[in-house]
Amino acid sequence: QKEVEQDPGPLSVPEGAIVSLNCTYSNSAFQYFMWYRQYSRKGPELLMYTYSSGNKEDGRFTAQVDKSSKYISLFIRDSQPSDSATYLCAMKTGGGNKLTFGTGTQLKVEL
Amino acid sequence: DAMVIQNPRYQVTQFGKPVTLSCSQTLNHNVMYWYQQKSSQAPKLLFHYYDKDFNNEADTPDNFQSRRPNTSFCFLDIRSPGLGDAAMYLCATSRDRGRNTEAFFGQGTRLTVV
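A brief structural summary. (Residues numbered from 1 in each chain as written. Chains lettered and ligands numbered in written order. Predicted model: local features only at pLDDT ≥ 70, side-chain atom pairs only at ≥ 80, totals over all residues. Heavy atoms only, no water.)

## Observations concerning the overall build of chain A
Looking only at helices and strands, chain A has zero helices and eleven strands in total. Beginning at the N terminus, the succession of helices and strands in chain A can be written as β-β-β-β-β-β-β-β-β-β-β. In terms of overall size, chain A behaves like a compact globule, its C-alpha atoms giving a radius of gyration of 13 Å where 111 residues would be expected to give roughly 13 Å. Each of the three principal axes of chain A carries a C-alpha extent, and together these read 45 × 25 × 20 Å. Split into buried and exposed, the 111 residues of chain A put 44% on the buried side. Pairs at least 24 apart in sequence give 55% of the contacts found in chain A among residues at least 6 apart. As displayed, chain A has an accessible area near 5,200 Å², and 46% of this comes from carbon and sulfur atoms. For chain A, the distance from the average site of its 12 positive side-chain charges to the average site of its 11 negative ones is 7 Å. (Helix = DSSP H or I, 4+ residues; strand = E, 2+ residues; numbered from the N terminus. Rg over C-alpha atoms; globule rule 2.2 N^0.38 Å. Buried < 20%, exposed > 50% of the residue type's maximum accessible area, 1.4 Å probe, protein only. Contact = heavy atoms within 4.5 Å. Areas by Shrake-Rupley, 256 points an atom, 1.4 Å probe, with all protein chains shown as cover. Lys, Arg positive; Asp, Glu negative; His and termini not counted. Charge placed at Lys NZ, Arg CZ, Asp CG, Glu CD.)

## Regarding the nonpolar core
Residues and elements named next belong to chain A. Among the nonpolar cores identified, the biggest contains 24 residues, and W35, I72, L74, I76, Y87 and M91 are the most heavily contacted of them. Elements supplying a minimum of two residues to this core: β3 (19-25), β4 (30-38), β5 (45-51), β7 (61-66), β8 (71-76), β9 (85-93) and β11 (105-110). Ignoring anything within four residues of it in the chain, the contact list for Y87 reads Q6, L21, W35, Y36, R37, L47, L74, I76, G104, T105 and L107. (Core = buried A, V, L, I, M, F, W, Y, C linked by side-chain atoms within 4.5 Å.)

## Describing the side chain of S79 of chain A
Residues and elements named next belong to chain A. On the secondary structure map, S79 appears in the loop between β8 and β9. There is a polar contact of 2.9 Å between the side chain of S79 and the backbone oxygen of A17. Ignoring anything within four residues of it in the chain, the contact list for S79 reads V13, P14, E15, G16, A17, V19, R60 and V109. (Polar contact = N/O pair within 3.5 Å; in protein donor to acceptor, adjacent residues only side chain to side chain.)

## Remarks on the sheet that holds β7 of chain A
Residues and elements named next belong to chain A. The strand order across the open sheet formed by five strands is β1-β3-β8-β7-β6, and the pairing between neighbours is antiparallel. Where the open sheet ends on each side, the last strands, each with one partner, are β1 (4-6) and β6 (54-58). Averaged over all neighbouring strand pairs, the angle between strand axes comes to 15°, with direction disregarded. (Pairing = 2+ DSSP bridges. Axes fitted to C-alpha atoms, helices over the stretch in contact; angles between N-to-C directions.)

## Digging into the pattern of salt bridges
Scanning the entire structure with this criterion turns up seven salt bridges over all chains. The partner of R77 of chain A in a salt bridge is E57 of chain A, and the shortest N-O contact between them spans 3.4 Å. With R77 of chain A in the loop between β8 and β9 and E57 of chain A in strand β6, the pair connects residues that are 20 residues apart, well separated along the chain. Owing to a relative accessible area of 28%, R77 of chain A belongs among the partly exposed residues under this scheme. Between D59 of chain B and K44 of chain B there is a salt bridge whose closest N-O contact spans 3.4 Å. (Salt bridge = Lys/Arg side-chain N within 4 Å of Asp/Glu carboxyl O.)

## Things to note about the pairing of strand β4 (residues 31-37) of chain B
Residue and element names in this part refer to chain B. Counting buried positions over the seven residues of β4 gives seven, a clear majority of the element. Both faces of β4 are covered, namely the face carrying V31, Y33, Y35 and Q37 and the face carrying M32, W34 and Q36. The sheet contact formed by β4 and strand β5 (residues 44-50) spans six bridges and is antiparallel. The residue bridging Y33 from the neighbouring strand is H48, located in β5.

## A word on the packing of aromatic side chains
Residue and element names in this part refer to chain B. Applying the stated rule across the entire model yields 14 aromatic pairs over all chains. Where F47 meets F54, the ring centres are 5.4 Å apart and the plane angle is 50°; that geometry is what we call tilted. Under the relative-accessibility criterion, F54 is labelled partly exposed at 34%. (Phe/Tyr/Trp six-rings, centres within 6.5 Å; stacked < 30°, edge-to-face > 60°.)

## Focus on the interface of chain B and chain A
Taken together, the contact between chain B and chain A spans 25 residues of the former and 18 residues of the latter. Across the chain B/chain A interface, buried area totals approximately 1,900 Å², and carbon plus sulfur atoms make up 52% of it. On inspection of chain B and its partner chain A, the count reaches one salt bridge. In this structure, K98 of chain A engages E57 of chain B in a salt bridge whose closest nitrogen and oxygen atoms are separated by 3.2 Å. On inspection of chain B and its partner chain A, the count reaches six residue pairs in polar contact (both at pLDDT 80 or more). Elements with a contribution of two residues or more to the side of chain B that touches chain A: β4, β5 and β9 (87-94) of chain B. Broken down by element, the side of chain B that touches chain A gets its largest block of residues, four residues, from β4 of chain B. (Buried area = accessible area lost by both parts, 1.4 Å probe.)

Right, dumping it as structure tokens:
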């Protein structure tokens, strides 16, 4: 079993839709949770960074962490074609440097 | 105003011919990482430097080495590239080991082995 599971998609939605992306994990020591956006042939770009359980909102993006269920989500409101990319979840323990990534979900927002 | 810069963006090398990828940062971060990302897979940490302290992942092949001559620069050396080493190589930095450890990535170097 992988430490971090993420549905690879592809996920195709119409412009304006609300998108929900999710990851589950098995290591209860993870405390920091991140979402990265990666355009084709580019490096990952940090979107959201949260510590422990709870919600964090930034513009059209909301990140949720439920440590009791070992489940994290990223919601994108009013999705745009420019949101088309691969979304990677990543997480780390409190004392370590190493990020453990999911495999990424490929999202396509269509006009 | 790119903060983590990788060169080159695309690198083609011959099977078995040593190759070096470079990374520089303008953030003055203490930690620099090298990740390998194969197609449709999660980035996999190869090693990282905390200042001058080198930390190798247990499953990183000996074929991969790294150098960090100063705070700003870090190099990935592949001594004898095989076809299986074709991948995107990502450099990342973070300020420290504490709570402020968001990692910032460069654009990556896509390595092709022929």
